[in-house]
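Topology and contacts: notes
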Amino acid sequence: MRRKNLLGGAAAAALALCLSATSAQAGTTEALLKRLHDKGILSDEEYAELTREEQAAAPAPSATAGMTTAQAALDVSHMVKRTDSGVGLEVGGATITFTGSVNGFYVHDNPQTAGARTAVTGGIANVGGNGTSAVRNGLLPGFLKVEVTTKQGGWDVGAHFGMYPGINSTAWGALGANNGGQPTALATSGIDFRQTFMTFGKDGFGTIKIGRDIGLFGSDAILNDITLLSSGAPGGNVAPGNTTLGRIGSGYIYTDFQPQITYTTPSMAGLQASVGVFQPLSSLTGAAQQNKTPGFQGKVTYDGKLGGVSVHGWLSGITQRHNALTGLSYTGQGVDLGAKVTGGPLTVTGYWYTAKGLGTTVLNLFDTDAAGNPRKSNGYYVQALLSQGKWGIGASYGASFLKFASAADATANPTLVRRNASTVGQVRYGLTSWVTLIGEYIHTQSRAQNNNAASSDAVALGGILFF
């Protein structure tokens, strides 16, 4: 009996704390206490004592506006609760969310045997005498994003951080974590801290972003590419770095993560625009530069439905004046457009760009000749993804093209790349809501201005997790 009374006292104390109610709920609490007494969980003494406490705790309606003593004393600002969705928590008026991804692939690349006619400067197809195997990241490295958002003075305010670690060891150099790989013992992986930016905005005003984040030009090209979740062209498979190439350089120029101040309008019937001032980028292969003016980028997107078909379309542009220390100047500029159309289980994407002084793979690589004259480039890709239940099957083809800047350029650089292209076939299986298993075949071709050519065939098997 003594043990039952002890248990009853603990249960009653918990109930008295958790079920303390407003005056409108007091009757419900008293009824619960009576039921516990009737079942023998509460002794006569405990029931009488808790009933007196409940009646004494009930406030006058005008004094505390319907709150119990315990509720009136509660400091809500010190409470922590989980977010309604995703992985995160709410505390002190702020919402903290965590998102991330981990991936890994076994990639076997079978390159063409090197020969006198396989040299292509800027080609993305590997060349060599042996096949290569790697366990590596795909086009995405892993990432962990932390966002802290709140509302202050009518403004939606946010701080955003994105860390992108690779699973492969890095040979540190000019490109930091994105330098070439180092597949030896005692080496370490690299962390590419791509995102550090703040945002503030409100309804009817739009949003301003200040910091480092993905660019506007070319961003939708990579974000809608099916190789983003897999491998695509492996690039350096002998010594893999943080990422593969995916379709970078065989359909679009890599957008990159760049310092910027960007304004985005509110959505207007699915139409939205962004414009930004960007840190001016120097050429990776041209003369040293000291650029006087920033870069500028802009993008317009549309999201809507036409009948039962969902449409996402975009148009973006980039321009930057380059000032070489040699005294020569040129303007790099480009325009791209694309659309993703989804009807039932089928999604089809098409993309095209044209540029001058931007290169073909990453911004400002092979963008000019030795005299500083800009080279023209263009490219495109088309892809389709059919999804049925947990399965998905996709196919993609794309190519990038580069032209000589001048006759002198043609004489000096006969092996400069003229075309990079790749064909991708992909199968996906959604193992869980977080985990997707992926198998992929990639055929990559590179051709030089003098018709030198190289090709490689790769197979990738692995998976990617998102939370």
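Look a little higher up for the structure.
Starting from 1, residues in each chain are numbered consecutively following that chain's sequence as written. The predicted nature of this model means local features are confined to residues of pLDDT at least 70 and side-chain atom pairs, given and counted, to a pLDDT of 80 or more, with totals for whole chains, interfaces and linings taken over all residues. Note that the side-chain values use all heavy atoms of the structure and ignore hydrogens as well as water.

A closer look at the environment of Arg136
Here a strand is any run of E in DSSP of at least two residues, a helix any run of H or I of at least four, and the numbering for each starts at the N terminus. Locating Arg136 in the fold gives a position in strand 4 (residues 132-136). When checking whether two residues touch, look at their non-hydrogen atoms; a contact exists if any pair is within 4.5 Å. With residues near it in sequence (within four places) discarded, Arg136 still touches Gly104, Phe105, Val107, Ile167, Asn168, Pro234, Gly236, Asn237, Pro240, Gly241, Thr243 and Thr244. Think of a polar contact as two N or O atoms within 3.5 Å of one another; within protein, one of them needs to be a possible hydrogen donor and the other a possible acceptor, and neighboring residues in sequence only count if both atoms come from side chains. In this structure the side chain of Arg136 is engaged in a polar contact, spanning 3.1 Å, whose partner is the backbone oxygen of Pro234. Of note is the side chain of Arg136, whose polar atom sits 3.0 Å from the backbone oxygen of Thr243.

Considerations on the nonpolar core
What is meant by a nonpolar core is a set of buried Ala, Val, Leu, Ile, Met, Phe, Trp, Tyr and Cys residues, joined one to another through side-chain atoms within 4.5 Å. Three exposure classes are used, based on accessible area relative to the maximum for each residue type with a 1.4 Å probe and protein chains only: buried under 20%, partly exposed in between, and exposed over 50%. Counting 30 residues, the largest nonpolar core has Leu139, Ile222, Ile248, Tyr252, Ile253, Tyr351 and Leu358 as the members making the most contacts within it. Listing elements by their share of this core, those giving two or more residues are strand 3 (94-111), helix 6 (219-223), strand 12 (309-323), strand 14 (346-356), strand 18 (435-448) and strand 19 (453-466). Aside from chain neighbours lying at most four places away, what touches Ile248 is Ile124, Leu139, Ile222, Tyr254 and Thr361. In terms of nonpolar packing, the next biggest core, distinct from the first, is built from 7 residues, Val120, Phe366, Val417 and Ala448 among them.

Details of the packing of aromatic side chains
Aromatic contacts are taken between Phe, Tyr and Trp rings whose centres are within 6.5 Å, Trp giving its six-membered ring; a plane angle under 30 degrees counts as stacked, one over 60 as edge-to-face, and the others as tilted. Inspection of the entire model under this criterion finds 14 aromatic pairs. Ring centres 6.2 Å apart and planes at 50° place the aromatic pair Phe143 and Phe466 in the tilted group. Separated by 323 residues along the polypeptide, Phe143 in strand 5 (residues 143-152) and Phe466 in strand 19 bring together distant segments of the chain. Using a relative accessible area of 31% as the deciding quantity, one classes Phe466 as partly exposed. Ring geometry for Trp434 against Phe467: centres 5.7 Å apart, planes inclined by 35°, an arrangement best described as tilted. With Trp434 in the loop between strand 17 (417-430) and strand 18 and Phe467 in the segment after strand 19, this pair connects stretches of sequence that are 33 residues apart. With relative accessibility at 43%, the residue Trp434 sits in the partly exposed group. Residue classification places Phe467 among the partly exposed residues on the basis of a relative accessible area of 33%. Grouping aromatic residues by their ring pairs yields a cluster made of Tyr252, Trp314, Tyr351, Tyr353 and Tyr381. Placement of a positive charge over a ring is assigned whenever Lys NZ or Arg CZ falls within 6 Å of the ring centre and within 35 degrees of the normal to the ring plane. If you follow Lys209 out to its NZ or CZ, it ends over the ring of Phe197, 5.2 Å from the centre.

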